[in-house]
Amino acid sequence: MASRDLRAEVDFVLLQLLGDLEQLEAKRQALNARVEEGWLSLSKARYAMGAKSVGPLQYASHMEPQVRVGTSESQDGLQKFWMVRAGTQTPEEVGSREAAFLSSALRRRKGLPRTPEPDSSPAPQNPLKWFGILVPHSLRQAQASFREGLQLAADMASLQSRITWGQSQLQELQEKLKQLEPRAP
Amino acid sequence: MAGRGKLIAVIRDEDTVTGFLLGGIGELNKNRHPNFLVVEKDTTINEIEDTFRQFLNRDDIGIILINQYIAEMVRHALDAHQRSIPAVLEIPSKEHPYDAAKDSILRRARGNI
């Protein structure tokens, strides 16, 4: 009876694993399509702006990421990934910045010598501005394609984590099954 | 840092790095190493491997995007990476189409199934 339940569990985990693999491949194809669209748009932008106008020579000397990846781990070790855009601050970050702003404003009102304001980091600059003030539409399209690609990358990372977790679950169940049903010599 | 999320690192050809930097993932300042590497014809395997290992060891990187043909050069380091963070995603390049048989994650999954 116990081995039958275990076999059912193995089948369930295996089916889930296969489903996740299928999803991962679908996401990968979608990501590849977005990246290829992005390449094409970059080529069009180069055609409009000049061959050397879209590349590492235009990268800013100071970059602040507009997009980060959020991560969380569940109790059983499963990792999840999602995109976090700049400007979505935590309450602690908002509170400390407001306090710094108020204290500097109060010092100025009282006429005390200005103390250096806390280093409040500016909002991340849109990377399109590295390439000039008026950029061709194709460069904006490239940005949009790669941004969509980043969301797919986060989904793929979550799926990879689930696949790895599913594999370890499968291995454990197969070990238990071996112990319950040792093979005849 | 925990509230703001982790970085996405890229080790890829020039066009793909430019594209993902346009997407807003780039970080570069006086104190920190960049979270990207543009792989060109004269980029050595040692440089790629050093950068890849640095990215794996940084605790502020959540995902590493890498060309599959570049991943082949550092396959031993990739296969040794068992942690779930940073997640390493192998993506094709213009000249080298994606080959599922070479992907580390899929090879491990195939072995189990």
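Above this text is the structure in question.
For the structure given in this document, a descriptive report is provided here. Quick caveat: nothing in here was measured; it's all calculated off a predicted structure.

**A closer look at the interface of chain B and chain A**
Next, step 1: Contacts between chain B and chain A engage 48 residues on the former and 56 residues on the latter.
Next, step 2: Between chain B and chain A lies a buried interface of about 4,300 Å² when both sides are counted; carbon and sulfur atoms form 66% of it.
Next, step 3: The interface formed by chain B and chain A includes three salt bridges.
Next, step 4: With its nearest N and O atoms 3.9 Å apart, the salt bridge here joins Glu 14 of chain B to Arg 46 of chain A.
Next, step 5: At the surface where chain B touches chain A, the tally comes to eleven residue pairs in polar contact (both at pLDDT 80 or more).
Next, step 6: Counting only elements with at least two residues in the side of chain B that touches chain A, the list comes to strand S1 (7–12), helix H1 (14–22), strand S2 (36–38), strand S3 (61–67), strand S4 (87–91) and helix H5 (104–112) of chain B.
Next, step 7: Ranked by residues supplied to the side of chain B that touches chain A, first place goes to H1 of chain B with nine residues.
Next, step 8: The class makeup of the residues in the side of chain B that touches chain A is 24 nonpolar, 13 polar and eleven charged.

**Points about the nonpolar core**
Next, step 1: Ranked by size, the top nonpolar core spans 56 residues in total, and within it Leu 139 of chain A together with Ile 8, Ile 63 and Leu 65 of chain B carry the most contacts.
Next, step 2: Every residue in contact with Leu 139 of chain A, bar those within four places of it in the chain, is listed here: Leu 42, Ala 45, Met 49, Val 54, Leu 128 and Phe 131 of chain A together with Leu 22 of chain B.
Next, step 3: Counting residues in each nonpolar core, the second largest holds 18 residues, with Ile 48, Phe 52, Phe 55 and Val 88 of chain B among its members.

**Describing the sheet that holds S2 of chain B**
Next, step 1: Strands sit in the order S2-S1-S3-S4 (chain B) across an open sheet of four strands; the sheet is parallel. Each of the sheet's edge strands pairs with one partner strand only, and the pair in question is S2 and S4 of chain B. Neighbour to neighbour, the strand axes of the sheet diverge by 15° on average, direction disregarded.
Next, step 2: Most of the contacts of helix H3 (residues 137–180) of chain A go to S4 of chain B, to which it runs at about 120°, and overall it touches S1, S3 and S4 of chain B.

About the criteria used
Residue indices follow the written sequence of each chain, beginning from 1 at its first position. Written order decides the labels, with chains lettered from A and ligands numbered from 1. Residue-level local features of this predicted model are given only where pLDDT is at least 70; pairs of side-chain atoms are given and counted only at 80 or more, and the full residue set underlies all totals for whole chains, interfaces and linings. Heavy atoms throughout the structure, all of them, feed into the side-chain values; hydrogens and water do not. In this description, contact between two residues means that some pair of their heavy atoms is separated by no more than 4.5 Å. Summed over both partners, the accessible surface that disappears when two parts come together, traced with a 1.4 Å probe, is what is meant by buried area. Any carboxyl oxygen of Asp or Glu that lies within 4 Å of a side-chain nitrogen of Lys or Arg is treated as forming a salt bridge with it. Pairing of N or O atoms within 3.5 Å defines a polar contact, subject to two protein rules: one partner must be a possible hydrogen donor and the other a possible acceptor, and residues neighboring in sequence count only if both atoms are side-chain atoms. Here a strand is any run of E in DSSP of at least two residues, a helix any run of H or I of at least four, and the numbering for each starts at the N terminus. Charged means Asp, Glu, Lys or Arg here, nonpolar means Ala, Val, Leu, Ile, Met, Phe, Trp, Tyr, Cys or Pro, and polar covers whatever is left, Gly included. For this analysis, a nonpolar core means a set of buried residues of the types Ala, Val, Leu, Ile, Met, Phe, Trp, Tyr and Cys, connected via side-chain atoms within 4.5 Å. Relative accessibility under 20% of the residue-type maximum defines a buried residue, over 50% an exposed one, and the middle range a partly exposed one, all with a 1.4 Å probe and only protein chains included. If DSSP finds at least two bridges between two strands, the strands pair. A fitted line through C-alpha atoms represents every axis, and for helices the fit uses only the stretch in contact; the resulting angles, taken between N-to-C directions, go from 0 to 180 degrees.

Just distances and angles here, no functional claims.
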